[in-house]
Amino acid sequence: MRQSHIAVIGAPMDLGAGRRGVDMGPSALRIARLYDRLTELGYVVEDLGNVAVDQPESLPSGADNARYLKQIAHTCARLADMVEQAIERSTVPVVLGGDHSIAVGTIAGLARKKKIGVIWIDAHADMNTPESSPSGNVHGMPLACCIGKGPVELTGLAGHVPMVNPANVAIVGLRSVDEMERLNVRGTGVHAFTMRDIDELGMPAVIRQAMHVASEGTDGFHVSFDMDSVDPVEAPGVGTPVPGGLTYREAHLAMELICDSRLMTSVEVVEVNPVMDVANRTALLAVELVLSALGKRIL
């Protein structure tokens, strides 16, 4: 990443999640002084506010295998437009979730302007489809949608399918996969690095492999960071915690190495749930991780 201007975009959506609260994530991240901290790093920062999101209390949930799909697609389309406009103004999009289904909008907006790869840092694969999902929660489907598998309401938002070549997608930190979802991961060409891979190879080797995958033949890569990738001991404020995640230093090292590559085009952080948090601890960590990805150093 070479630009000095950042566009912060909030996406306060929890329509895709099974547990309420992540719609407050953008506010929690702003309260954690994201704007000020980015400015202190030397960036020119413009906070574009939040994309409009429908409220679930007044909406029909729709089909049980993809709840609130219509409303999620509308929100992601609006988010894609905001991200596309940020790219046109040569600013770096920093997107604040919200549940992980917002990534479809972020990546759609990026893919309209660039050929990108994706590093998906997450405890979950997020590669269910309505046919395979045991819950019907769309936040378990966004990566599948980005590589062209899933509801047409989402897969076509970039104007071409797939938005991202599966060969340029790397999942890092994987440790919770649904039974039928395994087939989707194995059969698409996406590169998955599980927690066992991190344990055996170490984070430096894994993240370097992931960056190679995501940058080969692309204009750079987008980083989609789900806070449940971090162990719940460090990040308790998430909707779907899974034990055995990234340590504090593993998470920071991944973002520091990503920054060193100068190949990151954009970043989003999702699934911060203040309802589940302790003294905004998870949002504070999320801000620190974004700062590491954007150049903050110990010395």
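Right, let's walk through the structure included here. Remember, predicted model here, so these are calculated numbers, not experimental data. (Residues numbered from 1 in each chain as written. Predicted model: local features only at pLDDT ≥ 70, side-chain atom pairs only at ≥ 80, totals over all residues. Heavy atoms only, no water.)

### What to know about a nonpolar patch on the surface
Next, step 1: A contiguous nonpolar surface patch, about 250 Å² in accessible area, is contributed by Met24, Val275 and Met276.
Next, step 2: Residue position: Val275 is located in the loop between β8 (264–270) and α11 (281–293). (Patch = residues over 30% accessible without salt bridge, like charges linked within 9 Å, V, L, I, M, F, W, Y side chains within 5 Å. Areas by Shrake-Rupley, 256 points an atom, 1.4 Å probe, with all protein chains shown as cover. Salt bridge = Lys/Arg side-chain N within 4 Å of Asp/Glu carboxyl O. Helix = DSSP H or I, 4+ residues; strand = E, 2+ residues; numbered from the N terminus.)

### A closer look at the nonpolar core
Next, step 1: Within the largest apolar cluster, 52 residues are counted, with the highest numbers of intra-cluster contacts made by Ile119, Val172, Met227 and Ile258.
Next, step 2: For this core, the element with the most residues is α11, which contributes eight residues.
Next, step 3: With residues up to four places along the chain from it excluded, the contact list for Met227 reads Ala235, Val238, Val269, Val270, Val272, Thr282, Leu285, Ala286 and Leu289.
Next, step 4: Formed by 48 residues, the second largest nonpolar core is a distinct cluster that contains Ile87, Ile107, Val118 and Val190. (Core = buried A, V, L, I, M, F, W, Y, C linked by side-chain atoms within 4.5 Å. Buried < 20%, exposed > 50% of the residue type's maximum accessible area, 1.4 Å probe, protein only. Contact = heavy atoms within 4.5 Å.)

### Concerning the packing of helix α9 (residues 203–215) against helix α10 (residues 248–261)
Next, step 1: Contact geometry for α9 and α10: axes closest at 10 Å, N-to-C directions at 40°. With respect to α10, the axis of α9 lies oblique. Relative to α10, α9 is oriented so that their crossing is right-handed. Residues Met203, Pro204, Ile207, Arg208 and Met211 of α9 form the contact with α10, whose own contacting residues are Glu250, Leu253, Ala254, Leu257, Ile258 and Ser261. (Axes fitted to C-alpha atoms, helices over the stretch in contact; angles between N-to-C directions. Parallel < 35°, antiparallel > 145°, perpendicular 65-115°, else oblique. Left-handed = near helix turned anticlockwise from the far one by under 90°.)

### Some details on the side chain of Thr265
Next, step 1: Relative to the helices and strands, Thr265 resides in strand β8.
Next, step 2: Of the polar contacts made by the side chain of Thr265, one reaches the side chain of Ser266; its length is 3.1 Å.
Next, step 3: If we ignore the near neighbours within four places in the chain, the residues touching Thr265 are Val92, Pro93, Lys114, Ile116, Asp219, Gly220, Phe221 and His222. (Polar contact = N/O pair within 3.5 Å; in protein donor to acceptor, adjacent residues only side chain to side chain.)

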